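Below, each chain spelled out in residue letters.
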Amino acid sequence: MGAILLVEDEIAIAETVIYALQADGHTVRHCLDGQQARAAVHDAVFDLAILDVGLPDVSGFALCGELRRSVPLPVIFLTAQAAESERVLGFDLGADDYIAKPFSLRELVARVRVALRRGAVQQTGDGVTRTGAFEHDADGRRIRYHGHALDLTRYEYGLLAALLARPGAVLSRLQLMERVWEDAAETGDRTVDTHVKTLRAKLRAAAPAADPLRTHRGVGYSLDVD
Ligand code: CA
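The structure presented is a predicted model; accordingly, all values stated were derived computationally and were not measured.

**Student:** Give me the nonpolar core: which residues, what numbers.
**Tutor:** What tends to happen in soluble globular proteins is that the nonpolar side chains get buried as a cluster. If you look at the biggest cluster of nonpolar residues, it comprises 27 residues, and the most contacted ones within it are Phe134 and Leu160. At the level of elements, strand S9 (142-145), helix H6 (154-164), helix H7 (173-180), helix H8 (189-206) and strand S13 (220-223) are the ones that each hand at least two residues to this core. Per element, the largest residue contribution to this core is 7 residues, and it comes from H6. Those residues in contact with Leu160 that lie beyond four places of it in its chain are Phe134, Ile143, Leu150, Leu152, Leu199, Leu203 and Leu223.

**Student:** So what about H6? Which residues, and what values?
**Tutor:** Most of H6 sits out of view: 9 of its 11 residues are buried. Buried residues of H6: Glu156, Tyr157, Gly158, Leu159, Leu160, Ala161, Ala162, Leu163 and Leu164, and no others.

**Student:** Outline the packing of H7 against H8, supporting the account with residue identities and numerical values.
**Tutor:** Closest axis-to-axis distance for the H7/H8 pair is 10 Å, and the angle between their directions is 80 degrees. One way to sum up the angle between H7 and H8 is to call them roughly perpendicular. In this structure, H7 uses Arg173, Leu176 and Met177 to contact H8, whose residues at the interface are Asp189, Val192 and Asp193.

**Student:** Any chance you could break down the pattern of salt bridges for me, citing the residues and the numbers?
**Tutor:** What the rule picks out here adds up to 13 salt bridges. In this structure, Glu107 engages Arg111 in a salt bridge whose closest nitrogen and oxygen atoms are separated by 2.6 Å. Residue Glu107 and its partner Arg111 are located together in helix H5 (residues 105-118), separated by 4 residues, close to a single helical turn. The class for Arg111 is partly exposed, based on a relative accessible area of 24%. Close ionic contact of Asp137 with Arg142 constitutes a salt bridge, the shortest N to O distance being 3.1 Å. In this structure Arg142 comes out as exposed when scored by relative accessible area, which is 54%.

Calculation notes
- Residues numbered from 1 in each chain as written.
- Predicted model: local features only at pLDDT ≥ 70, side-chain atom pairs only at ≥ 80, totals over all residues.
- Heavy atoms only, no water.
- Core = buried A, V, L, I, M, F, W, Y, C linked by side-chain atoms within 4.5 Å.
- Buried < 20%, exposed > 50% of the residue type's maximum accessible area, 1.4 Å probe, protein only.
- Helix = DSSP H or I, 4+ residues; strand = E, 2+ residues; numbered from the N terminus.
- Contact = heavy atoms within 4.5 Å.
- Axes fitted to C-alpha atoms, helices over the stretch in contact; angles between N-to-C directions.
- Parallel < 35°, antiparallel > 145°, perpendicular 65-115°, else oblique.
- Salt bridge = Lys/Arg side-chain N within 4 Å of Asp/Glu carboxyl O.

Set out below in structure tokens:
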């Protein structure tokens, strides 16, 4: 159960969403526009944001970018148009999910549960972050998976660390390049794919039954942690 920030300017939609989320045990703070949302994240901590794309003062995509600069926050976008370009744009900004209007409340509630579960990350006492089957020692640049220490190259480590930082979220090749390679301009899509391939082989060697690295054709990659 989580604290959810809902930014939606259509009162009728907001009311039904608030009702459904509260019935599922969440607390909801409702904002009508970007300005209210900025103030809300300033004085409260949220587990998840649900952002309407068409807000009166700012686009939901731009708002997502702004909020994420100050706090790490899983985001679900609500949009009136499910155009593929918007979808990819949303993912590039770090959307965890995307729901087109009209949507069923049951579907929304189910997606919220998934997003909250993905966000559940455990800090252990020794500076290691445990996320599902992964244990990440960021200081030592080491990652264990199902108890096995992974022997990773610098780029494989960078890719896995970037994906682990946003469990379940789709990261585009461009986002991965920018996070992992010092000179992203010199790096092609193929380079990312090549290192993902060797990383995937190492994860499979550690746990043959699991296949946590997911390819989203034409979009990018995500990591399942549970
Ligand atoms: Ca709207």
